[in-house]
Each structure stands twice: as C-alpha cells, then as structure tokens.
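Next come the chains, spelled out residue by residue.
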Amino acid sequence: MSLDRRDGILALDGLKLSEVAETFGTPCYVYSAASIIRNYQAFEHAFAEINPLICYAVKANSNLSILALLASMGAGFDIVSSGELERVRLAGGSPQRSVFSGVGKTAREIQDALREDIHCFNVESEAELSALARIAEDAQLIAPVSLRVNPDVDPKTHPYIATGLKEAKFGVSMQQAERIYQEAAKHPHLRMVGIDCHIGSQITEIEPYLEAATRLFEMVDQLTKTGLQLQHVDLGGGMGIRYQNEPAFPLEELARWLKPRLDERQLELILEPGRSIVADSGLLITEVLYIKSSEDKHFCVVDAAMNDLIRPSLYNAWQKIESIEPAGTDTEALHYDVVGPICETGDFLAKDRLLNTAAGQRLAVLDAGAYGFVMSSNYNSRPRAAEILIEAGTARVIRPRESLSALVKDELGCLTSS
Ligand code: LLP
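Residues numbered from 1 in each chain as written. Predicted model: local features only at pLDDT ≥ 70, side-chain atom pairs only at ≥ 80, totals over all residues. Heavy atoms only, no water.

Enquirer: Please provide a residue-by-residue account of the pairing of strand E17 (residues 334-339), values included.
Expert: The buried fraction of E17 is high, at five of six residues. For strand E15 (residues 298-302) and E17, the ladder comprises four bridges, and the chain directions are parallel. Each bridged residue has a counterpart across the sheet, and for Phe-299 the counterpart in E17 is Asp-337. Sheet analysis places E17 next to strand E18 (residues 348-355), joined by five bridges and oriented antiparallel. Counted as the bridge partner of Val-338 is Ala-350 from E18. (Buried < 20%, exposed > 50% of the residue type's maximum accessible area, 1.4 Å probe, protein only. Helix = DSSP H or I, 4+ residues; strand = E, 2+ residues; numbered from the N terminus. Pairing = 2+ DSSP bridges.)

Given below as structure tokens:
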C-alpha cells in the first residue's frame, strides 16, 4: 500500500490517518482500493498467458464493498458458506465464476450453491460427495465437482494454517482419490471437472506449490489414461505477503513453471488467493489510552484488542506498528507491549516494539486487511470496529462502527418479563 508521511503524519494514499481517525473514530480498519486493484492486477499480469479463473478467497475480507470492487474487475470467488455466497451475490459477483470450498458443507448450503449454478464444488470427502450426489439428484441437476486432494507437502508455515499435510482434516489422500474419481464419474448427477488443493497460508516459498502441482498433474495423467479427462486444476491460495522481511512470493516464476504443464494437458487453472490481495491493502488505527510502566516493563494500552485483531494472540503473528503522529519532544522511544483492554493476558497486538508515543496519539497496525475484521468478535461486549475504504482520494465508511444497541438487540427481544 502507498504509505508516506505528510507534515510528519502517516498518510495512506495521500490521506492523513490522523484525520481519518478524527472523522471516523477508533479503532477502525482502513483499506486502500488502489492497493487491492494493484494486487489483483499483479495476479492477472503474472498469469496473463494462462488466463486463470482468479477466485478471491472471500474469508480473507468479506466486506461487500471490497467484494464489489473485485467483482467489477472480473474476479471470481472462493466461498466456504452460504453466508459468503450471499455476500458474493449482493456484491454483484458471479456464482458461476465461484468455487465452493470447505470440509463441512451442509445440505442446505449445497442446495443453495446448486441453485445458484456454482462453477464448482471443491469436495473434501467421500461422504460429502455422496451427499452432493443425492441432493443434485433430488434437484434434478448435475453438480460440477473437483476433488480436493491432500498432496502431503509441508508448506513451512504456522501449524494452524498448514493444510496440506496428511494429518490435516482437509481433502482426500492421493491413494484414495483415483478410486473416488472412478466411482463418482459413473454417477449421472455428478460431473467430475477438476482437481484441487490448498496447502496452507502465508507460504513464501515456491517449492511447496511445485511439489503439490506435480502430484496433482500425476493424478490428472493417471485419470486421463483411464478415460477420465479433467478440465481444470485449482491450486488454492496461500501466497504469502511481506509482514516483516519475508521474500516476495514469486508469482511470475510459478506462472512460468505451470504454463507448459497446463498446456500439455489442456487444463485450465483456478487460483484462490485471499491474503495476497487484501492483507497489505489495509491497516487498523487504534488510539493510545494509557502508558503504563512497571520496574521492568512498559505497556502501551490501546483501544483495539484481540476481539478486533486476533492474529497476534492466536498465531503469535507479527504485524508492523507505526506511530501516526510524529514523536513528541517530551516523550522517549521505549520498548512497549501494545495491549488492548480485554481481560486476558493473551490480549496483545504486539510485543516488545520500539515506539515513541503517548496517550491520545494513534498507532497504525499495518497489513491488517486480511483476516482482521473478518475474525473480529464481540468478546467483552465490545462493538466491532468501523471499516473505511479510501478510493479516488476520499475515505468513506463501508461498515459503520457497531452500536451498543445493535450489540444487544437480538437478546433484548428474548428477555422475559418475569
Ligand atoms: N482456499 C482455501 C480452500 C482456503 O482454506 C484458504 C484459506 C484460501 C483459499 C485463501 O488462502 P490465502 O491466500 O488467504 O492464504 N486466519 C489465518 C489464515 C487462514 C487461512 C485459511 N484458508 C491468518 O490470519 O493467518
């Protein structure tokens, strides 16, 4: 994203973040439309010769205005629930250009997606395949299917977000896959169109992708020999971003490696990037409430907490923090733990960061556009933060700050008078 300093004040796409904070209040998420567009186009350019279906993973950031922006650029979507399907529809996205992933699709969700003419179901188990066949038969429709296989490769990322190892709950093993394909191919209400995998998230090296793709191509070849010709390979998402000093993910190199292998087999490519489109397009603004020091520790207590951004607490994730206002002359740079108001020791946004700040100043937690707001909760009865989009030089609300009345509205209706 395009961050710089104007009169010493941190600015995003030319807008001073202190002014954004004053207008919209804190904590608030701020996204850059220009950055989302740039990141999406980076995929389009890198893979131009392949012309893949780029299915943005809605779970990374599902705000309707962001989905609408991506839909306007022609993106497809990777969804994992009826809720996400509804969002895609409302944002003007196309279910026909969307794939439905996830290990636990309910009958209702399968019906919804069939009715909407989803591009493909990424099926994760034999049991799900049977359910899908039954539901498609009842609806007198034919379900397009890709089998999610588990290529058993190590993506070398945090264990909670590594999904392609054989001990993970995802997909079917390569050993089982061929038999499942053969049986499913006989079913009149299933159409076996593809094969997919998603090996993990925040992957910064290319090798795990090449290994996974190699195994998928082997399966495609095996199936072709038996007369079952698939139409696409879906390599999922997972391309990492640079939170700290990770290398940039080599999209072009991946495209160059894939191109001849896809051509040779007449396969189309589907990708499901989430983080790499939105993470560095967003930040979280928070205000310093108190500075608190003991003999050997300094805490910077801010108004955002683990309910707003859970990645540091949940994955020990590191996200850069910058002061929005210039350092004052009466304060000094100290190593702070940046903590929120929630009553848990695990409630922190960062540990041991050198900051020169004071109560009333604002901080920006960078690279918070993915898995930020979407993972937020109302824990400690904290209303969820506002979301702001900067587009064409102006900032507008794309989700208002939750009100206290909205927080309790549903339960109030259930209060009995006794
Ligand atoms: N496709 C499937 C089937 C997925 O499960 C995911 C993410 C994606 C695509 C998108 O992956 P991405 O390009 O965003 O890495 N909350 C964690 C990340 C969880 C990722 C879950 N699956 C975090 O904050 O790091």
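Structure's up, so let's keep going.
Enquirer: Give me the lowdown on the side chain of Glu-246, citing residues and values where you can.
Expert: Of note, Glu-246 is situated in the loop between strand E12 (232-234) and helix H9 (251-265). There is no salt bridge for the buried Glu-246, and the closest opposite charge comes from Arg-242, which lies 6.0 Å off by N-O distance. There is a polar contact of 2.7 Å between the side chain of Glu-246 and the backbone nitrogen of Gln-244. Setting aside chain neighbours within four positions, we find Glu-246 in contact with Gln-202, Thr-204 and Ile-241. (Lys, Arg positive; Asp, Glu negative; His and termini not counted. Salt bridge = Lys/Arg side-chain N within 4 Å of Asp/Glu carboxyl O. Polar contact = N/O pair within 3.5 Å; in protein donor to acceptor, adjacent residues only side chain to side chain. Contact = heavy atoms within 4.5 Å.)

Enquirer: Hey, could you go over unusual backbone geometry for me, with residue numbers and the actual values?
Expert: Glycine aside, negative phi is the norm for most residues, and most peptide bonds take the trans geometry. Cis geometry is found at the peptide bond from Thr-26 to Pro-27, where omega equals -5°. Relative to the helices and strands, Pro-27 is located in the loop between helix H1 (17-24) and strand E4 (28-32). Of note, Gln-140 is a non-glycine position whose phi angle comes to about 55°, a positive value. Structurally, Gln-140 can be placed in the loop between helix H6 (126-138) and strand E9 (143-150). For Gln-140, a relative accessible area of 58% puts it in the exposed group. Backbone geometry at Asn-316 places phi at a positive 60°, although glycine is not the residue there. Relative to the helices and strands, Asn-316 is located in the loop between helix H11 (311-315) and strand E16 (321-323).

Enquirer: Could you give an account of the layout of surface pockets, naming the residues involved and the relevant values?
Expert: Estimated volume of the largest pocket: approximately 650 Å³. As for the largest pocket, its lining consists of 29 residues, and the residues nearest its centre are Lys-59, Thr-163, Phe-170, His-198 and Tyr-371. Residue classes in the lining of the largest pocket are distributed as 12 nonpolar, eight polar and nine charged. Taken domain by domain, the makeup of the lining of the largest pocket includes at least three residues from each of domain 1 (3-31 + 279-411) and domain 2 (33-275). Roughly 440 Å³ of internal volume is contained in the second largest pocket. Around the second largest pocket, the lining is made up of 18 residues, and of these Asn-39, Gly-240, Ile-241, Arg-242 and Asp-280 lie nearest the centre. (1 Å grid on protein atoms, 1.4 Å probe; cavity = no way out; pocket = protein on both sides within 12 Å on 5 of 7 lines; lining within 4 Å. Points joined across faces, edges and corners; volume = space filled by probe spheres on them. Nonpolar A, V, L, I, M, F, W, Y, C, P; charged D, E, K, R; others polar. Domains from an automatic or database assignment.)

Enquirer: Which residues make up the packing of aromatic side chains, and what values do they have?
Expert: In total, this model carries seven aromatic pairs according to the counting rule given. Here the aromatic rings of Tyr-29 and Phe-373 are separated by 6.1 Å at their centres, their planes lie at 90°, and the arrangement is edge-to-face. In this pair, Tyr-29 is assigned in strand E4 and Phe-373 in the loop between strand E19 (362-365) and strand E20 (386-391), connecting sequence segments 344 residues apart. Take Tyr-29 and Phe-373: they sit in the same class, and that class is buried. For the pair Tyr-209 and Phe-249, a centre-to-centre distance of 5.2 Å together with 75° between the ring planes defines the contact as edge-to-face. Taken as a pair, Tyr-209 in helix H8 (residues 207-225) and Phe-249 in the loop between E12 and H9 lie far apart in primary sequence, 40 residues in all. Residue class for Phe-249 comes out buried when judged on its relative accessible area of 11%. When the ring centre of Phe-348 is taken as reference, the NZ or CZ atom of Lys-351 above it lies at 4.2 Å. (Phe/Tyr/Trp six-rings, centres within 6.5 Å; stacked < 30°, edge-to-face > 60°. Lys NZ or Arg CZ within 6 Å of the ring centre and 35° of its normal.)

Enquirer: Describe the site of the ligand, with residues and values.
Expert: Of all residues adjacent to the ligand, which total 18 residues, the nearest are Ser-201, Glu-272, Arg-311, Tyr-315 and Tyr-371. Here Arg-311 contributes a side-chain N or O atom positioned 2.6 Å from an oxygen atom of the ligand. Its free accessible area being 590 Å², the ligand has 91% of it covered by the protein chains. For the ligand, the cavity whose grid points lie within 2 Å of the majority of its atoms is the largest pocket. Residue composition of the shell around the ligand, grouped by class: six nonpolar, six polar and six charged. If you count residues domain by domain, the shell around the ligand takes at least three from each of domain 1 (3-31 + 279-411) and domain 2 (33-275). (Near = heavy atom within 4 Å. Areas by Shrake-Rupley, 256 points an atom, 1.4 Å probe, with all protein chains shown as cover. Sits in = over half its atoms within 2 Å of the grid points.)

Bear in mind that shape data such as this cannot, by itself, settle questions of function.
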